[in-house]
Amino acid sequence: MRATTIFRSVLQFPHTRVWSVEFDPFGLLVQVAPTTKVPRCSGCGCRVHAVHDSRARNWRHLDACGMPVTLRYSLRRVRCPRCGVVIEMVPWAEPKAGFTHDFEDHVAYLAQQASQTTVAATMRIAWRTVGDIIQRTMSRRRKPNLLHGLEHIGIDELSYRRHHEYVTVVVDHGSQRVVWAHEGKNAATLGRFFDDLGPERAARIKTATLDMSGAYIEAVSTRVPQATLVFDRFHVQRLAQDAVDEVRRAEVRALEDAGERETLKKTRWALLKNPWNLSAMEARRLAMIQKDNRRLYRAYLLKSSLCDILGRRQVNVVREKLEQWISWALRSRLKPFKKAAKTIRKYIDGIVAIVATGLNNGRTEGLNGKIRVITRRAYGFHSAASLISFIFLCCSGLVLNPVFKPSPLLP
Ligand SMILES: [Zn+2]
């Protein structure tokens, strides 16, 4: 059998002819061409007759028996009445991609399973290229209709690039999937989501979980007024944790001014962790705070009791306990807690709704955790688009398979 015939059966590209197979210094070089004589425009896909010029181009394909395979074709530039002068469309790759569809699909499959560094090393491509490939694959493979049938949504902001830039993410609590994401974190950003959703689907939204940031609250209450607002338990707890931190810093400063430096060193985690997670050393530090620093210990008690209240199950009890907590915090003579208490009083309905709707379960936290891991891994991403396509790759329920070509003799 001739090598060209074998390669046509191995590659299995639609509408593609194999002209020759030879070795070059890098591995195997396969000359290919589309079977249709009349080129298609890569912008709009229509057939165009006017050829501007052509230039030889290479595409990296999956290795054959461990040897790199390169496809080569003289790519034509065409003059399209709609798109102007653009390159022609080829059946084996995306316009402007240096890799075949199969290669990119394989990279995307691996990126779902392994770290970006592993993928880059396995496929012998640059770390950045992994991001570019995922972006292209996701624009081809992203699931349609992700916005259908939404009832309970969660809205969250993610910071990346060391907290300099933000992405707004919308998840579906029903399917536990990311359904929408966009660069930015203000009311206008979230407004785009409701634009994409359209009035009919927006009218079916029953609840929205979100943090206590004014921007999102404004967008949700104007665009889906029927929806119940539910504040994320994680964010409510964060209010108290941040307040403890603020009290601790103020106490450290006061001690420094008085010339006593050492006593509050390394107490941050002892104060922020749940009591059952404390190490022996941290428990000792906490006991010392209880003995030596009444203000800081009061802050610690306020924080832990708020976490306890949010863990309860009866709606009435939660409301009652929250009101007691607010008045305790307001009397605490701790400025950061007074501020937190006012915020909690303002949004108490949405906080009680955490318990009432039961939307505060571990599964949601699991999804949020997964998104955060991806974001942390993505510090090197150079654009929001790369990060968003990575989030969709791993959290939108997309099922990818490794590339497999059956033998042509398979019955
Ligand atoms: Zn066109």
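For every chain, the first residue of the written sequence is number 1, and numbering continues from 1 onward in sequence order. Local features in this predicted model are restricted to residues whose pLDDT is 70 or higher, and side-chain atom pairs enter the listing and the counts only when it is 80 or higher, whereas totals over whole chains, interfaces and linings include all residues. Water and hydrogen atoms were dropped before computing side-chain values, which therefore reflect all heavy atoms in the structure.

Q: Would you mind showing me how to read the pattern of salt bridges here?
A: Pairing between side chains of opposite charge can happen when their charged atoms approach one another. A carboxyl oxygen of Asp or Glu within 4 Å of a side-chain nitrogen of Lys or Arg is what we treat as a salt bridge. If you walk through the whole model with that rule in mind, you get 18 salt bridges. We note a salt bridge from Asp 105 to Arg 140, for which the minimum N-O separation is 2.8 Å. Here Arg 140 lies in helix α4 (residues 127-141) and Asp 105 lies in helix α2 (residues 101-113), a separation of 35 residues in the sequence. Owing to a relative accessible area of 13%, Asp 105 belongs among the buried residues under this scheme. The salt bridge partner of Asp 195 is Arg 223, with a shortest N-O separation of 2.6 Å. Pair noted here: Asp 195 is in helix α5 (residues 187-202) and Arg 223 is in helix α6 (residues 214-223), with a separation of 28 residues, a long-range link. Shared partners join several salt bridges into a network, and the residues in it are Glu 94, Glu 104, Asp 105, Arg 136, Arg 140 and Arg 141. Helix and strand definitions here come from DSSP, where helices need a minimum of 4 consecutive H or I residues and strands a minimum of 2 consecutive E residues; each element is numbered from the N-terminal end. When accessible area is computed with a 1.4 Å probe and restricted to protein chains, residues below 20% of their type maximum are described as buried, those above 50% as exposed, and intermediate ones as partly exposed.

Q: Mind showing me how you'd approach helix α13 (residues 348-357) here?
A: Note on helix geometry: an α-helix contains 3.6 residues per turn, so any two residues three or four positions apart are oriented the same way. Counting buried residues along α13, seven of its 10 residues qualify, which places the element largely inside the surrounding structure. The contact definition used throughout considers only heavy atoms, calling two residues in contact when any of these lie within 4.5 Å. Residues of α13 that are buried sit in contact with β10 (228-231), α7 (233-257), α10 (294-310), α11 (315-330) and α12 (335-346). Just beyond α13, the residue with positive phi is Gly 358, at close to 65°.

Q: What exactly am I supposed to notice about the coordination of the zinc ion here?
A: Six octahedral donors at a metal ideally form angles of 90 or 180 degrees, and four tetrahedral donors ideally form angles of 109.5 degrees. Because no water is among the atoms considered, metal sites can look incomplete, with donors defined as N, O and S atoms within 2.8 Å of the metal, or 3.2 Å for Na, K and Ca. Within the first shell, the zinc ion binds the protein through Cys 41 (SG), Cys 44 (SG), Cys 80 (SG) and Cys 83 (SG), at distances of 2.3 Å. Geometry is assigned from the angles between donors: four donors with all angles from 85 to 135 degrees make a tetrahedral site, four or six donors whose opposite pairs exceed 155 degrees while the rest stay between 65 and 115 make square planar or octahedral sites respectively, and everything else is labelled irregular. For the zinc ion, the four donor atoms in the first shell make angles of 103 to 114° at the metal, so the coordination geometry reads as tetrahedral. Taking relative accessible area as the criterion, Cys 44 reaches 33% and is therefore assigned partly exposed. With relative accessibility at 30%, the residue Cys 83 sits in the partly exposed group.

Q: What is the right way to look at the packing of α11 against α12 in this model?
A: Relative placement of two packed helices is described by the angle separating their axes and the distance separating the axes. Lines fitted to C-alpha atoms define the axes here, with helix axes fitted over just the stretch in contact, and angles between the N-to-C directions of these axes take values from 0 to 180 degrees. Direction vectors running N to C along α11 and α12 enclose 150°, while the axes themselves pass 8 Å from each other. In terms of orientation, α11 and α12 fall into the roughly antiparallel class. In this structure, α11 meets α12 at a crossing whose hand is left-handed. Residue-level inspection shows Leu 322, Trp 325, Ile 326, Ala 329 and Leu 330 of α11 in contact with α12, the latter providing Phe 337, Lys 338, Ala 341, Lys 342, Ile 344 and Arg 345. In this count, Pro and Cys sit with the nonpolar residues alongside Ala, Val, Leu, Ile, Met, Phe, Trp and Tyr, while Asp, Glu, Lys and Arg are called charged and the others, Gly among them, polar. For the contact of α11 with α12, the per-class residue count stands at eight nonpolar, no polar and three charged. Roughly parallel means an angle under 35 degrees; roughly antiparallel means over 145; roughly perpendicular covers 65 to 115; every other angle is labelled oblique. Put simply, a crossing is left-handed when the front helix is turned counterclockwise from the back one by less than a right angle, and right-handed when it is turned clockwise.

Q: Can you help me understand α6 in this one?
A: Within α6 the residues assigned to the buried category are Tyr 216, Ile 217, Ala 219 and Val 220. Looking straight down α6, one finds its buried side chains confined to an arc of 165°; they lie on one side. Buried residues along α6 sit against β6 (152-160), β7 (165-172), α5, β9 (207-210) and β10. By construction, the arc corresponds to the directions joining the helix axis to the C-beta atoms.

Q: What am I meant to see in the domain arrangement of the protein chain here?
A: Accessible area lost during the coming together of the parts is what is often quoted as the interface size. Split by domain assignment, the protein chain resolves into domain 1 (1-94), domain 2 (99-141), domain 3 (152-232 + 360-395) and domain 4 (233-357). In this entry, domain limits derive from an automatic or database-based domain assignment. A C-alpha centroid distance of 40 Å is found between domain 1 and domain 3.

Q: Looking at this model, I keep getting lost on a nonpolar patch on the surface. Mind explaining?
A: Patches in this entry comprise residues that are over 30% relatively accessible and not in a salt bridge; like charges within 9 Å are linked, as are nonpolar side chains (Val, Leu, Ile, Met, Phe, Trp, Tyr) within 5 Å. Note on areas: these come from Shrake-Rupley sampling with a 1.4 Å probe, and a residue is covered only by the protein chains present in the view. The grouping of Met 1, Ile 6 and Val 10 at the surface amounts to a nonpolar patch, some 330 Å² of accessible area in total. The topology assignment puts Ile 6 in helix α1 (residues 3-11). Ile 6 sits in the partly exposed class, given a relative accessible area of 35%.

Q: Can you walk me through the sheet that holds β7 in this structure?
A: Within a beta sheet, neighbouring strands are joined by backbone hydrogen bonds and run either parallel or antiparallel to one another. Here five strands make up an open sheet; going across it, the order is β8-β7-β6-β9-β10 and the pairing mixed. Single-partner strands in this sheet number two, and they are β8 (177-183) and β10. Each strand of the sheet is rotated relative to its neighbour by a mean of 25°, with strand direction disregarded. For two strands to pair, DSSP has to find at least two bridges joining them. Here β7 runs beside β8; their pairing, made up of six bridges, is antiparallel. When the bridges of β8 are listed, Asp 172 appears paired with Arg 177.

Q: How should the layout of surface pockets be read in this particular structure?
A: The method is simple in principle: a probe with the dimensions of a water molecule rolls over the atoms, and the space it marks as empty is what remains. Note on definitions: the grid is 1 Å and covers protein atoms alone; a cavity is a set of points where a 1.4 Å probe fits but cannot get out; a pocket is an open set with protein on both sides within 12 Å along at least five of seven lines; lining residues have an atom within 4 Å of a point. Grid points are joined across faces, edges and corners, and a volume is the space filled by probe spheres set on the points. Of the pockets and cavities examined, the largest pocket occupies roughly 720 Å³. Glu 157, Phe 234, His 235, Arg 238 and Asp 242 are, among the 25 residues lining the largest pocket, the residues nearest its centre. For the lining of the largest pocket, the secondary-structure elements that each account for two or more residues are β6, α7, α12 and α14 (362-377). Looking at the lining of the largest pocket residue by residue, the classes come out as nine nonpolar, six polar and 10 charged.

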